[in-house]
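Structural overview for review
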Amino acid sequence: VVLTGAGMSAESGISTFRDSDGLWEKYRVEDVATPEGFAANPELVLNFYNQRRRELLNTKPNAGHIGLADLEQEFDVHIITQNIDNLHEQAGSSHVVHLHGELMKACSIRDLNTTYDISPENPDLHIGDKDPHGVQLRPFIVWFGEAVPMIDPAIRLVEECDIFVVIGTSLNVYPAAGLLNYVRRGQPIYLIDPKEVKAYRDDICFIRKGASEGVKELKELLLQNH
């Protein structure tokens, strides 16, 4: 099981949120990533995600995404991602759980569980775009303060995994960061990140590289050791 965060897609050119030049420097979280922000200024929020969507449509998976997809030739790989892009799917990964929603999907403000695909040919959401019941659509994103419906399936995957890998996440955002707690003692854990990540376990193998180089080294270690 591989848990991926913003650092996974950074090499593809997707803006991270938490770095010093990240999106949170340019936008207040409360304005664009909360239900209250959407209620106060839906146009700002829709435009924010329209920009993210256009950015994604000009983005390709990097060697790290492709390397994880290639691992399926040797291992039963399940990816749990905090990212809202679809680069894992573009790279060919078969089993992807999105904890924080999906940028290329919409849902209505009344029903967060029924989703509608957003066409790459018509990627923008506007005020007045409605579901079949006449209810305003919003991005299918898990905003701050909202429940994370996929956390329970993710926990089950981690509890059953034989190898756990963390790539490009600060382990600061919960509940995703708490998944580390569900790895059984004695199971190998690999953490790929060029920056120091404070992880509170002593059984982690650190690979201090970016996603592409880190996944390449990971593949070599997995094929040697497992």
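Moving on: the sheet that holds strand β8 (residues 189-192). For sheets, the rule is that strands pair by backbone hydrogen bonds, running either parallel or antiparallel. Read from one edge to the other, the open sheet built from six strands follows the order β3-β2-β1-β7-β8-β9, with strand pairing classed as parallel. Whereas interior strands pair on both sides, the edge strands pair on one side only; in this sheet they are β3 (96-98) and β9 (204-207). When strand polarity is set aside, the average angle formed by the axes of neighbouring strands in this sheet is 20°. Taken together, the three bridges between strand β1 (residues 2-4) and strand β7 (residues 164-167) define a ladder with parallel strand orientation. Opposite T4, over in β7, you have I167 as the bridge partner. Contacts between helix α9 (residues 211-225) and the sheet are confined to β7, β8 and β9, with β8 contributing the most and set at about 160° to the helix.

What follows concerns the packing of helix α6 (residues 63-70) against α9. Interaxial distance between α6 and α9 falls to 7 Å at its minimum, and their mutual angle equals 25°. Here α9 runs roughly parallel to α6, going by the angle between their axes. For the pair formed by α6 and α9, the contact residues are A63, G64, G67, L68 and D70 on the first element and A211, S212, V215 and K219 on the second. Classifying every residue of the contact of α6 with α9 gives four nonpolar, three polar and two charged.

In this structure, R53 sits in helix α5 (residues 42-57). In this structure, R53 is buried with no salt-bridge partner, the nearest side chain bearing the opposite charge being D124 at 5.0 Å. In this view, R53 contacts L103, M104, I118, P123, D124, L125 and P139; residues no more than four positions away in its chain are not counted.

It is worth spelling out α5 at this point. Every α-helical turn comprises 3.6 residues, leaving residues that sit three or four positions apart pointing alike. Across its 16 residues, α5 extends 22 Å between first and last C-alpha, which sits within 8% of the 22 Å expected from 1.5 Å per residue. Residues of α5 that are buried: V45, L46, F48, Y49, N50, R52, R53 and L56.

Positive phi outside glycine occurs at L171, with the angle close to 55°. Position of L171 among the secondary structure elements: in the loop between β7 and β8.

Let us look at the pairing of β7. Going residue by residue along β7, you find F164 and V166 tucked away on one face and V165 and I167 tucked away on the opposite face as well. Here β7 runs beside β8; their pairing, made up of four bridges, is parallel. Across the sheet, the residue bridging to F164 is I189, located in β8.

Reading the values: rules and limits
Residues numbered from 1 in each chain as written. Predicted model: local features only at pLDDT ≥ 70, side-chain atom pairs only at ≥ 80, totals over all residues. Heavy atoms only, no water. Pairing = 2+ DSSP bridges. Helix = DSSP H or I, 4+ residues; strand = E, 2+ residues; numbered from the N terminus. Axes fitted to C-alpha atoms, helices over the stretch in contact; angles between N-to-C directions. Contact = heavy atoms within 4.5 Å. Parallel < 35°, antiparallel > 145°, perpendicular 65-115°, else oblique. Nonpolar A, V, L, I, M, F, W, Y, C, P; charged D, E, K, R; others polar. Buried < 20%, exposed > 50% of the residue type's maximum accessible area, 1.4 Å probe, protein only. Lys, Arg positive; Asp, Glu negative; His and termini not counted. Salt bridge = Lys/Arg side-chain N within 4 Å of Asp/Glu carboxyl O. Expected span 1.5 Å × (residues − 1).

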